[in-house]
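Chain by chain, the residues:
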Amino acid sequence: MIRSIRVSNRVFYRGLSLPMSYGLVLAATLASLIRLTQGALSPVDYLTDSLKLGIFGVLYFALAGYELTSMLRKLGGQECLSAFPGAQCGLLFSHILVLLPLLAVWSAVIFGGQVIYFFQQGLDYPPYLLHCLLAVMLYCLLPGLDGLLLGALLERTERPSAYGTVVLAVLLSSSVCDELFAGSSLFGVSPMAVLDWFHLTVPNGNWMADANYGVPMEFCRWCLAAFWCLVLTSVLLWQYRRDGGRAVPIAAAILLAAALLCAARFALRGEDDLLLKDSRPDGILSSEYQYRANHPTGELGVADFSVEEYDLKITAKGALKVSTTVNLSRDDLREYRFTLYHGYEVSSVTDERGAALPFTRDGDFLDISAPDGAKAFTVLYSGKGWKYIANEQAITLPGYFPYYPIPGHLALWADGSAQTVTGLPPARFRVEVTSPRTVFSNLPKTGHNQFEGVAEAVTLYAGLVDETVRGRASYICSPVGREQIESIDLERADRLWQEWCEITGETRTLDLAGKTVFIQPDTISACGKGDSESVVIFDDHILLANMNSTPETICAYYLLEYLPSDAERGLLRDVFKQDLVVGIGNWSGEKPDYDALQILREYPSMDALNEIGDEEQWFAAVEQYTSASERFHALYAWQCSQLGRDTVLREVYQYLKDSTPSQDQVTFLYDLGGAS
Amino acid sequence: MIRRLQLVRLTFRRTLPLFLAPIVSAYLVLPLITAAGLASGNWEIALENLIYGEQALLPVGGLLWAFAYLQVWIGSDGEETMRACHRGKYVCAAELLMLNIGFTVMLLPALAAGTLFFGSLWTEYARLLIQVFFYIGLFYFTAILLRSVTMGGMLVLAYHLFCIFFCRNTEMRGYCLIRPDVLAGAAGFPYILLLLSGSVMYSIGAWLERRPDRG
Amino acid sequence: MLEVSHVEMRFGQKEVLRGVTLTLHQGVYGLLGPNGSGKTTLMRCIAGVYRPAAGIIRTPERIGYLPQRFGMFKQLTVYEAMAYFAALKQIPARTQRKAIMECLEQVHLADRADDRIGALSGGMVRRVGIAQALLGCPELILADEPTAGLDPEERLRFKNVISNLRGGPTVVLSTHIVEDVESTCDHIILLYSGKVLAESTADDLRAQAAGKVFSVPADKRCQLQQPYHLLREEAGTGTLRVLSDLPQPGDLAAPTVEDGYMLYIRGRM
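Model, not experiment: these values are computed from the prediction.

1. Comments concerning the overall build of chain B
Reasoning step 1: A count of helices and strands for chain B gives nine helices and zero strands.
Reasoning step 2: Secondary structure elements of chain B occur, N-terminal to C-terminal, as α-α-α-α-α-α-α-α-α.
Reasoning step 3: Relative to the 2.2 N^0.38 estimate, which gives 17 Å for 215 residues, the radius of gyration of chain B is 18 Å and therefore close to what a compact globule would have.
Reasoning step 4: Across chain B, every contact between residues at least 6 apart in sequence was considered, and the portion connecting residues at least 24 apart equals 72%.
Reasoning step 5: Just so you have it, chain B exposes about 9,500 Å², and 68% of that area is on carbon and sulfur atoms.

2. Examining helix H20 (residues 615–643) of chain A
Reasoning step 1: In this model H20 of chain A runs 41 Å from its N-terminal to its C-terminal C-alpha over 29 residues, within 8% of the 42 Å that 1.5 Å per residue would give.
Reasoning step 2: Where H20 of chain A terminates, the next one or two residues include glycine 644 of chain A, which has phi positive at roughly 95°.

3. A closer look at the confidence of the model for chain B
Reasoning step 1: Averaged over every residue, the pLDDT of chain B is 84; residues scoring 70 or more account for 93%.
Reasoning step 2: Averaged pLDDT values for the elements of chain B fall to 69 in helix H4 (residues 79–85) of chain B and rise to 90 in helix H6 (residues 122–146) of chain B.

4. A few points about unusual backbone geometry
Reasoning step 1: Between glutamine 226 of chain C and the following residue, proline 227 of chain C, the backbone shows a cis peptide bond with an omega angle of 0°.
Reasoning step 2: With respect to the helices and strands, proline 227 of chain C occurs in the loop between strand E10 (213–216) and strand E11 (229–233).

5. Here's the deal with the interface of chain C and chain A
How big an interface is tends to be expressed through the accessible area that disappears when the partners come together.
Reasoning step 1: Listed as interface residues are 26 residues of chain C and, on the opposing side, 24 residues of chain A.
Reasoning step 2: Summed over both partners, the interface of chain C with chain A buries about 2,300 Å², with 63% contributed by carbon and sulfur atoms.
Reasoning step 3: Looking at the side of chain C facing chain A, the largest losses of area belong to Phe73, Gln75 and Tyr84 of chain C, adding up to 31% of the total buried there.
Reasoning step 4: At the boundary of chain C and chain A, one finds three salt bridges.
Reasoning step 5: The interface formed by chain C and chain A includes eight residue pairs in polar contact (both at pLDDT 80 or more).
Reasoning step 6: Of all the secondary structure elements, the ones that give two or more residues to the side of chain C that touches chain A are helix H1 (39–47) and helix H2 (78–88) of chain C.

6. Let's talk about the nonpolar core
Reasoning step 1: The biggest cluster of nonpolar side chains holds 232 residues, and the ones touching the most others in it are Tyr60 of chain A, Tyr140 of chain B together with Met72 of chain C.
Reasoning step 2: Among the elements that make up this core, the one with the highest residue count is helix H3 (residues 43–73) of chain B (19 residues).
Reasoning step 3: Residue contacts for tyrosine 140 of chain B: discarding those within four places in its chain leaves Leu70, Val91, Cys92, Ala93, Leu96, Met201, Tyr202, Gly205, Ala206 and Glu209 of chain B.
Reasoning step 4: Counting residues in hydrophobic clusters, the runner-up holds 70 residues, among them Val326, Val346, Val349 and Leu543 of chain A.

7. Describing the arrangement of the chains
Reasoning step 1: Looking across the two pairs of chains in contact, one finds the most contacts between chains A and B.
Reasoning step 2: Left apart from each other, chain B and chain C have a closest C-alpha approach of 11 Å.

8. Some details on the packing of aromatic side chains
Reasoning step 1: In total, this model carries 51 aromatic pairs over all chains according to the counting rule given.
Reasoning step 2: Taken together, a centroid distance of 6.2 Å and an interplanar angle of 80° make the contact between phenylalanine 338 of chain A and phenylalanine 377 of chain A edge-to-face. In this pair, phenylalanine 338 of chain A is assigned in strand E3 (residues 335–339) and phenylalanine 377 of chain A in strand E7 (residues 376–383), connecting sequence segments 39 residues apart.
Reasoning step 3: Residue classification places phenylalanine 377 of chain A among the buried positions, given a relative accessible area of 0%.
Reasoning step 4: Plain terms: the ring middles of tyrosine 403 of chain A and tyrosine 404 of chain A are 4.8 Å apart, the flat faces sit at 85° to each other, and that makes the pair edge-to-face. Each member of the pair tyrosine 403 of chain A and tyrosine 404 of chain A is classed as buried.
Reasoning step 5: Here lysine 52 of chain A stacks its cationic end above the ring of phenylalanine 166 of chain B, 5.2 Å away from the centre of that ring.
Reasoning step 6: Just above the ring of tyrosine 240 of chain A sits the side chain of arginine 156 of chain A; from NZ or CZ to the centre is 5.0 Å.

9. Comments concerning the sheet that holds strand E16 (residues 460–462) of chain A
Picture the strands of a sheet paired through backbone hydrogen bonds; they go either parallel or antiparallel.
Residues and elements named next belong to chain A.
Reasoning step 1: Overall, antiparallel pairing links the three strands, which are arranged E8-E16-E13 in an open sheet. A strand with exactly one partner marks an edge of an open sheet, and here the two such strands are strand E8 (395–397) and strand E13 (439–441). Mean inter-strand twist for the sheet, computed between neighbouring axes without regard to direction, equals 25°.
Reasoning step 2: When E8 meets E16, the two strands line up antiparallel, connected through three bridges.

10. Remarks on the sheet that holds strand E18 (residues 473–477) of chain A
Residues and elements named next belong to chain A.
Reasoning step 1: What the five strands build is an open sheet, ordered E17-E18-E19-E21-E20; its pairing is mixed. Edge positions in the sheet fall to strand E17 (466–470) and strand E20 (535–537), since each of these pairs with one other strand and no more. Across this sheet, the average inter-strand angle for adjacent strands is 20°, counted without regard to direction.
Reasoning step 2: Inspection of the sheet shows strand E19 (residues 516–519) paired to strand E21 (residues 541–544) by four bridges, in the parallel sense. Considered in E21, the bridge of threonine 516 is made with histidine 541.

11. Examining the pattern of salt bridges
Two side chains carrying opposite charge are able to pair once their charged atoms lie near each other.
Reasoning step 1: A full pass over the atoms with the stated rule returns 46 salt bridges over all chains.
Reasoning step 2: Taking the shortest distance from any N to any O, the salt bridge between arginine 601 of chain A and aspartate 664 of chain A comes out at 3.2 Å. Here the residue arginine 601 of chain A occupies a position in helix H19 (residues 598–602), and aspartate 664 of chain A occupies one in the loop between helix H21 (645–657) and helix H22 (665–671), the gap between them amounting to 63 residues.
Reasoning step 3: For arginine 601 of chain A, a relative accessible area of 38% puts it in the partly exposed group.
Reasoning step 4: Lysine 159 of chain C serves as the salt-bridge partner of aspartate 180 of chain C, at 3.7 Å between the closest nitrogen and oxygen. Of this pair, aspartate 180 of chain C sits in helix H6 (residues 178–184) while lysine 159 of chain C sits in helix H5 (residues 152–164); the two residues are 21 residues apart in sequence, bridging distant segments of the chain. Here aspartate 180 of chain C matches lysine 159 of chain C in class, with each residue buried.
Reasoning step 5: Put simply, Glu309, Asp311, Lys313, Arg428, Arg430 and Glu452 of chain A are held in one network by salt bridges that share partners.

12. Some details on the pairing of strand E2 (residues 319–328) of chain A
Residues and elements named next belong to chain A.
Reasoning step 1: Pairing geometry for strand E1 (residues 307–317) and E2, over ten bridges, is antiparallel. Each residue of the ladder has a partner; that of valine 307, found in E2, is leucine 328.
Reasoning step 2: The hairpin turn running from E1 into E2, its antiparallel successor, is one residue long, and glycine 318 in that turn takes a positive phi close to 80°.
Reasoning step 3: Looking at chain direction, E2 and E7 are connected through eight bridges and run antiparallel. From the neighbouring strand, valine 322 faces E7, where its bridge partner is tyrosine 381.

13. Section: the interface of chain A and chain B
Reasoning step 1: At the junction of the two partners, chain A supplies 40 residues and chain B supplies 40 residues.
Reasoning step 2: Of the roughly 3,400 Å² buried between chain A and chain B on both sides combined, carbon and sulfur atoms contribute 73%.
Reasoning step 3: The three residues of chain A that bury the most area against chain B are Arg35, Tyr163 and Leu180 of chain A, which together make up 19% of that side's buried surface.
Reasoning step 4: Here chain A is connected to chain B by one salt bridge.
Reasoning step 5: Between arginine 35 of chain A and glutamate 171 of chain B there is a salt bridge, with its nearest N and O atoms 3.3 Å apart.
Reasoning step 6: Viewed at the interface, chain B and chain A are joined by seven residue pairs in polar contact (both at pLDDT 80 or more).
Reasoning step 7: Elements represented by at least two residues in the side of chain A that touches chain B include exactly helix H2 (17–37), helix H4 (54–75), helix H8 (159–173) and helix H9 (176–181) of chain A.
Reasoning step 8: Among the elements that line the side of chain A that touches chain B, the one with the most residues is H2 of chain A, at nine residues.
Reasoning step 9: Its residues placed into classes, the side of chain A that touches chain B shows 22 nonpolar, ten polar and eight charged.

What counts and how
Residues numbered from 1 in each chain as written. Chains lettered and ligands numbered in written order. Predicted model: local features only at pLDDT ≥ 70, side-chain atom pairs only at ≥ 80, totals over all residues. Heavy atoms only, no water. Helix = DSSP H or I, 4+ residues; strand = E, 2+ residues; numbered from the N terminus. Rg over C-alpha atoms; globule rule 2.2 N^0.38 Å. Contact = heavy atoms within 4.5 Å. Areas by Shrake-Rupley, 256 points an atom, 1.4 Å probe, with all protein chains shown as cover. Expected span 1.5 Å × (residues − 1). pLDDT = per-residue confidence, 0-100. Buried area = accessible area lost by both parts, 1.4 Å probe. Salt bridge = Lys/Arg side-chain N within 4 Å of Asp/Glu carboxyl O. Polar contact = N/O pair within 3.5 Å; in protein donor to acceptor, adjacent residues only side chain to side chain. Core = buried A, V, L, I, M, F, W, Y, C linked by side-chain atoms within 4.5 Å. Buried < 20%, exposed > 50% of the residue type's maximum accessible area, 1.4 Å probe, protein only. Phe/Tyr/Trp six-rings, centres within 6.5 Å; stacked < 30°, edge-to-face > 60°. Lys NZ or Arg CZ within 6 Å of the ring centre and 35° of its normal. Pairing = 2+ DSSP bridges. Axes fitted to C-alpha atoms, helices over the stretch in contact; angles between N-to-C directions. Nonpolar A, V, L, I, M, F, W, Y, C, P; charged D, E, K, R; others polar.

This is the structure in C-alpha cells:
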C-alpha cells in the first residue's frame, strides 16, 4: 500500500493539469475569502458565503479523482495490474488517499478564513469557531469527499459520460435546483423531496444567514452526507470485490448497511423542525401562508379562566416535544379553551388525577372537555413551529408565540402576517429544557436550562446566542450577527418616550430600563412579520425584530402599535414614523401645491395602484405617485417649519389615532394650521 | 466545410447525452419551470425563473457541446491518428465556432416562444450568446494549455458556479459574467469586452494548438 | 507446472473458451492460433485476470504476466515502475534494487532506469513490460503477443531472453506470428475457436505437413486440384504455395511450421 501511495503521489505531482488546476482552485478560494472580508459582512454571513465555495471541492475532486483513477486504464496498464490480487483496489484507494490531504488543505483554508475573520472582528465567542469547523466539515470536506468517491467510481467510464455525470452531480448537489424547483410541485409532490437527497452544499445560500441559528447543520444533514460517503465507498469496494479477497465484499456490505441506516434517518426528516428558507411548500416562506389561506381563523374569544401556573418540560431535539402542566384559576368549567399554535400535534390531555380528557383541535385552538371540572391539565404535544424553530441546533420561542397553551381563542394571523399575543395576566412558570445548547430565558435561572419565575410569558432562546450585560440591561443576542446592541440604550429610550408622550399627549407608560432585551434572528423578519412583531414589550423583557434597533425605532413602534392601520392613512403614518425615527428636516421652499398631490387622494398607497389594469397607465401612475409622495414629505416638512415640529407631531398623532377621521390624509396635512 | 460538419456530426453521435443535455434544458426544463411560474399567476416570478434557469443551465450547455467535440482531439486515443491525417496542422477553433453558431440557432425557437409570453427577449439572447462564446473560448484556451479537456472544463465550470452563487454578493458581483438575478439590461457587465476576450482566447488557443511542440 | 482443466469462458452468449485442458511442465510453450481463437482470454484466465465460467486452473505461486497491451504511468521513471511491480510481487526491499537492475539488464534498459516512461518509445515501454514479467524469478511466465511493436533487433533480443530462461520457469507465449513460435518454443499448442486443436512441436508440425506442400507456378493455377489451400502467392514470380492432400502440378516444397499450423486450421476457416 505504501508503494501504491508513492506511485499515486508521483503520478499526481509530476503531472501538469491536476496540480495546476488544484493550485488555481486553491488560489480562487483564497482570493474569494479575502475579497469577502472587504464586504463588512457579519461573521455568520461571511461563513455562509464562504461555504458556497464548497461546490468547488465537489467539482475539482470529482474530476481529479476521475482523471487520476482512470489514467492507468487509458494507458493500457490496468490489465497487468489485475494479475496481482488487491493491486487495483490498492492503487485506487491510494489515488483517493493522495487527494484527501489536498481536500483537507483546501477545507482548512476555508476554515482558516473563518478564524482570521473571527479575530479580525474582535469576537470573543469560542462556540462560533466550533460551529465554523463543523460547517466546513459538513459543507466543504464531506461534499468534496463525495465528489472524489464519485470520480473514482467513474473510473471505468468514458470521459464524456464521466464529465456529464459530474456536471449533473454538481448541479444537483448545489442550490441551483432549489432556485429552479423549490416552488413547484408535480402531482402534489414537491420535487424538493427528491432533490434534497442530492443537495450536499450549503442550503439557502442566497438568503441572509440566521445569526442565532448559524448554518443549518441538523442531524439529518449529517446523515445525508454520511449516506453518500458510505454508499459510494461501498459501491467502490463492491466493484473490486474479486480483487481484494473476502474482506472487501464484507466491508462493502457493512458500509452499505450503515448507509441505509443513514438514508432511513434522512428519509424521516419530515418529522424534524428544519430551517427551510426557500419557497418549497413546507418551507418557512410559504407554508404558513398556504395554511392560513386554507384554514381561516375561527371564532375568537377571551377565556373565562386564567392559568396560575405552568410547568413546562421541553425537549428540543429534532423537533419540539413538550409536556406542559397548567394549573387553572377555575375548576368548575366544563370546557376550557386554549390557543396553541396549529403546528403542534396534541397527543394526550390528562387531568390532575391522570384521567384522560377528550379534546378537540381546530387550527390554533385547543378545546379541552372536563365533564367533572379540572384543576390542572397535562398536555403532551410535539411538532414544528414554522419560523419559531426549536431543534438541537437552536431554539427561538418568543413569549408572544403560543408554543404552550394560552387561555382563550386568540388570533395568531391577520392581514397576511403573524400576530403577537401580549397583555396576558402574569403566571408562575417552571421551565425545564432538554437541549444540547445553553438556553436563555427572561425567567431567572435555577439550574442548567432550568428556569422559574412569575411573568406574562416565557421566551426561550438557544443557539449561537450569548448574554451581554450593559448597565442595567441584559441583551440576549447572537455575537456573530448583524445587530449592534450598542445602539440599543434602554434608559435613553425611556427618556425619549417621556418626551414623546409630552408632545403627543400619549398616556401609556413604557418602562424599558432593566428589562432583558432579546434580539430576534433574521428568520423572524424573513416571512410573515407584521408591525406588531417588530417590537414586543413584556413586563420583564422586550423582543426586537428589527435590524439596527435604536431607542427611536423602539419608541416609534410602541407609539404606533395601537393606532388604526388603515391603508388610507398609510403614507402619513410612514412619514410620521420617519420623522420620529430620523427626523424629516425642514422645508424652506414654497408650500407644495395641493393639486400636485391629487393622485395620493385617489390612490392612498402604492398597493392601490395595482387596480390600474393597463400596463402603460400603471407605469405612468407609479411615476406620478412617487413624485407626489416626495411632495407629501415636503409638505410635512413645510408644516414643521411653519408650525413647529412638536405641534405637527401632536396633531398628526391625534389624527392617526382617530378611528373615524373626517378628512383624507392629504387634505388633513395640507390644512394643518389652517387652510391656505 | 461539409467534411468538418460531418466530423462534428460523427462526434456527437458518440456523445449523444452531452449533445442532448442543452436541448433538453432549453426545450423541456426551462418551459416547465416557466410554466410553473405562469400557472401561479405571477408573470414576474415566471420571468425571474426563466432568467435564472437560462443563465444557470444554458451556458453550461454550450460548454458541454464544446467538451463533447474537443475531448476527441485532446488527450484521446485517436488524437494522434486524427492529427496525422491533417499533418499536424489541424485546429479545432473553426468547429468550435460552428458549434457556437449551431447553439445560437438551436436556441432561436425557444427564444421565439419566450417572446410570446414575455415580450422582447433579444437582449437576453444576445447576453447568452456572448456568454457562451466567451465560455467556449475560455474552455478551448485552458484545455489546450493544460492539455486536458477535463481540467479545462472544470475551471470554466467552477467559474460558472462561482457566478451563480455570488452574483448577489456586493463584493463579488463585479466579477460575475453570469447574472441569473437580473435582466440583461440591468446586469451592467461590459459584454463587448467579453466578446473581445473570447476572440482573443480563441486565437491564443488556436495558436497553441498549432505549435509543433504541442503534446 | 501449469494445469488447465476443462476451462470454459463466456462473454454474454458468446463462448470464447470451450473445455480447454492443458498440462504444461517446464519449457517454452507457444500458444498459436488465429485472431479471435481465445489465446488472450486463456492467458488472462491463467493470469487470474478473468475468472473462468467453468474448469480449474492450477498455477505456480510466482507468475510473471505481460499482457497484450502494456502501459504504465508516464510520470514514473522506469526504475520506479519496476519498484512498484517489485512491491506487488512482494520482493523484499533489500533485494529489490538488485532484482530490478538484473531484469532491466536482461532487456537492455539498465541505462534508462532513471528516464520517465513518457520519454520512452513504444518498443522500450514494451521492454519494461517484459522486464516486470521477469521480475521476482517467476515459475510461470505468460507473455501475450510479446513481440508486438518491437523492431527486429528487439525481437531477436526477446528470443534470446526466452532462450536464457530454458530450464527455469514455464514460459507460455501467445502469438499469431508463427515465426516467433518456431524459433523460440519447444512445444506448440494450437488453439482455434476456443478449443485446443493439438499439442505438438515444431518438428512434428513440419513432419505432418511433409509431402503436402507444393510450389505451383502461376501459369498452372487452373490445373490445381481441389481441395487445396492457398498458403501464399510469391510476389514477383507469382509462384503459389499450396497445401493439399492431393498431388498438385508443382514441386514439393520443404514444409514449415506455418504449413503444419495451416494443416490443422484449414477447413475450419
